[in-house]
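The residues making up each chain are set out below.
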Amino acid sequence: MDDLDVHLPGIVAGEPEAFTRWLAGAERSLRQSLRSFASRLDTEALLQETLLRVWQVAPRAVPDGAGNSLLRLGLAIARNLALSGLRRARTDPVAIDVLEREANDTSPFEPALPDPLLRDLIEHCVHRLPRQPALALRLRLETSGSEPDDSLARRAGMKLNTFLQNFGRARKLLAACLAERGLPAGSW
Amino acid sequence: MSSEEILIEAAAAAFRARNPAGEILPSSAWMDLDAEGRVAAHDVAARSRLLEAALDPDGLSSTARAVLLRIAGAGR
């Protein structure tokens, strides 16, 4: 199992490059940990808030020798933010207990880095996309969550719904292309 | 594509607006979804981020890039 704590000294020193490498391995586990809250909380917003807080509190993180201490701290921050969000939304305390138990029952998390083989296959599949879905995908990738979709749709010369339909089509065509090459959605 | 599927695609994007205090706000598309649609949006986002990370030279998704942009602007 990879230990993302190798990046901790750089993160503590305030080096964004070290946090970049930590993020590449930690995001998947943190997102997965929030799934049981997804019906009641916007897990994308929650995850971004979690990652910002991890960066802020990292200088006070003390490795305990068990490995991935910063990832485990991130998982705790994500859980606490989710529970606070549920309480703020005046969610029934019984329902909160159930959701918390479901989150606790999730299997242990491990860092996961992108597979270079997957990258080659995705690039192959991206080149096979029709023009409009390819454009919607490219705009989302290039702007990396920094612009709302209505702005991207304007740039693409599409109505917002058309842009979203094209993005959805791109995602489904990519998944189908990967499945044709032996990589069904559950395997990556 | 149904109107719910379009909302799911919108809610699964990484962009999130912020209020004047800098707090990250839920997506308006996410708020318009029912419980089942919200879970679907989570799953679509998870699969999309894996594709994005696989294509990114640093292995980063649009979520990670959005957070790094925020950090670059705000520091620690």
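Residues numbered from 1 in each chain as written. Chains lettered and ligands numbered in written order. Predicted model: local features only at pLDDT ≥ 70, side-chain atom pairs only at ≥ 80, totals over all residues.

1. Quick word on the domain arrangement of chain A
Interface size, as often reported, equals the accessible area lost upon joining of the parts.
Now for step 1: Splitting chain A by domain gives domain 1 (4–105) and domain 2 (116–187).
Now for step 2: Summarising the inter-unit geometry, the C-alpha centres of domain 1 of chain A and domain 2 of chain A are found 27 Å apart. (Domains from an automatic or database assignment.)

2. So, the interface of chain B and chain A
Now for step 1: Chain B puts 45 residues into the contact, and the matching count from chain A is 45 residues.
Now for step 2: Listed by contribution, the elements that provide at least two residues to the side of chain B that touches chain A are helix H1 (3–11), helix H3 (35–55) and helix H4 (62–74) of chain B.
Now for step 3: The element that contributes the greatest number of residues to the side of chain B that touches chain A is H3 of chain B, accounting for 15 residues.
Now for step 4: Grouping the constituent residues of the side of chain B that touches chain A by class yields 27 nonpolar, seven polar and 11 charged. (Contact = placed C-beta atoms within 7 Å. Helix = DSSP H or I, 4+ residues; strand = E, 2+ residues; numbered from the N terminus. Nonpolar A, V, L, I, M, F, W, Y, C, P; charged D, E, K, R; others polar.)

3. Looking at helix H9 (residues 160–180) of chain A
Now for step 1: Over its 21 residues, H9 of chain A extends 30 Å from the first C-alpha to the last, a length consistent with the 30 Å expected when each residue adds 1.5 Å.
Now for step 2: All of the buried residues along H9 of chain A are Phe163, Leu164, Asn166, Phe167, Gly168, Ala170, Arg171, Leu174 and Leu178 of chain A.
Now for step 3: Buried-residue contacts for H9 of chain A involve helix H6 (116–127), helix H7 (131–143) and helix H8 (149–156) of chain A together with H1 and H3 of chain B.
Now for step 4: Immediately downstream of H9 of chain A, the backbone of Gly182 of chain A shows phi near 85 degrees, a positive value. (Expected span 1.5 Å × (residues − 1). Buried ≥ 20, exposed ≤ 12 C-beta atoms within 10 Å, placed from the backbone.)

4. Considerations on unusual backbone geometry
Residues and elements named next belong to chain A.
Now for step 1: If you check the backbone angles, Asn68 has positive phi at about 50 degrees while not being a glycine.
Now for step 2: Looking at where Asn68 falls in the secondary structure, it is placed in the loop between helix H3 (43–57) and helix H4 (69–88).
Now for step 3: Judged by the 24 C-beta atoms lying within 10 Å of it, Asn68 falls in the buried class.
Now for step 4: Phi at Arg90 is positive, roughly 55 degrees, even though this residue is not glycine.
Now for step 5: Structurally, the position occupied by Arg90 is in the loop between H4 and helix H5 (93–105).

5. Things to note about the nonpolar core
Now for step 1: Of all hydrophobic cores here, the largest spans 67 residues; its most connected members are Leu23 of chain A together with Ala11 and Ala41 of chain B.
Now for step 2: Per element, the largest residue contribution to this core is eight residues, and it comes from H3 of chain B.
Now for step 3: Two domains each provide a minimum of three residues to this core, namely domain 1 (4–105) and domain 2 (116–187) of chain A.
Now for step 4: Once residues lying within four places of it in the same chain are set aside, the contact partners of Ala41 of chain B are Ile8, Ala11, Ala12, Trp30 and Leu33 of chain B. (Core = buried A, V, L, I, M, F, W, Y, C linked by C-beta atoms within 7 Å.)

6. Observations concerning H1 of chain B
Now for step 1: Of all the positions in H1 of chain B, only Leu7, Ile8, Glu9, Ala10 and Ala11 of chain B are classed as buried.
Now for step 2: On the buried face of H1 of chain B, the contacting elements are H8 and H9 of chain A together with helix H2 (28–32) and H3 of chain B.

7. Here's the deal with the confidence of the model for chain B
Residue and element names in this part refer to chain B.
Now for step 1: For chain B, per-residue confidence averages 93 on the pLDDT scale, and residues scoring 70 or more make up 97% of the total.
Now for step 2: Mean pLDDT across the secondary structure elements of chain B bottoms out at H4, with 91, and peaks at H2, with 97.
Now for step 3: The ipTM value of the predicted complex is 0.96, and its pTM value is 0.92. (pLDDT = per-residue confidence, 0-100.)

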